[in-house]
Amino acid sequence: MPPDNMNVLEVVHGVVEEHGAKAEELIPILNDVNRAIGYLPKEALEEISRLVKEPKSKLTSVATFYQMLSTKPRGRHVIRFCESAPCHVAGGREVWQAVQEELGLKDGETSEDGKWTLITASCLGLCGVGPVVLVDDDMYGNVTPSQVPDILARYS
Ligand code: FES
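Here the structure is a predicted model, which is why all the values come from computation and not from measurement.

Trainee: What is the right way to look at the overall build of the protein in this model?
Mentor: In terms of regular secondary structure, the protein is built from 6 helices and 4 strands. Ordering the α and β elements of the protein from the N terminus gives α-α-α-α-β-α-β-β-β-α. Dimensions of the protein along its principal axes, counting C-alpha atoms only, are 50 × 30 × 25 Å. Put simply, the protein has 156 residues, and 24% of those count as buried. Sequence-distant contacts, at least 24 apart, represent 60% of the contacts inside the protein between residues at least 6 apart.

Spelled out as structure tokens, the structure:
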């Protein structure tokens, strides 16, 4: 369910109006709606499909392809962990272990209190400072396992 007090159709209409109801704006539209609601509920996809005149199947495949988008509710904070080779060899495996242990979650899971969602990502384009962890829009580079609790403690 979208957050209480949020009108999904209003959000969709506002975003589509801003971008224009054009097929080439599909990804920015999906991205903005996802950002506003936290994910892409079924009713949002249906309304975007109707307005942009693209089949819902196409929207669903775009939404499942891009890691930034989700068709399922996510936690208040989304942790993206780079699992590509350069980060991995720089100590990423140990950091990933520490994140999972600290939260008691595995890849793709959301905590029961709705606070965290943990997902792995391929290269985040920040290989020079790997291992890299992204919490929402905050990037942490050169992360060590011992820093993980402090990083997570910054989020309420
Ligand atoms: S390999 Fe991790 S950011 Fe590029």
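Now that the structure has been shown, the text picks up again.
Trainee: For this particular structure, what's the right way to read helix α3 (residues 42–52)?
Mentor: Each α-helix turn comprises 3.6 residues. Residues three or four places apart therefore point the same way. Listing the buried residues of α3 in full gives A44, L45, I48 and V52. For α3, the arc enclosing every buried residue in end-on projection is 95 degrees, short of the 170-degree limit, so these residues lie on one face. For α3, exposure combined with an orientation more than 90 degrees from the buried face picks out K42 and E43. A positive backbone phi angle near 60 degrees is found at K53, which sits one or two residues after α3.

Conventions we followed
- Residues numbered from 1 in each chain as written.
- Predicted model: local features only at pLDDT ≥ 70, side-chain atom pairs only at ≥ 80, totals over all residues.
- Helix = DSSP H or I, 4+ residues; strand = E, 2+ residues; numbered from the N terminus.
- Buried ≥ 20, exposed ≤ 12 C-beta atoms within 10 Å, placed from the backbone.
- Contact = placed C-beta atoms within 7 Å.
- Arc of directions from axis to C-beta.

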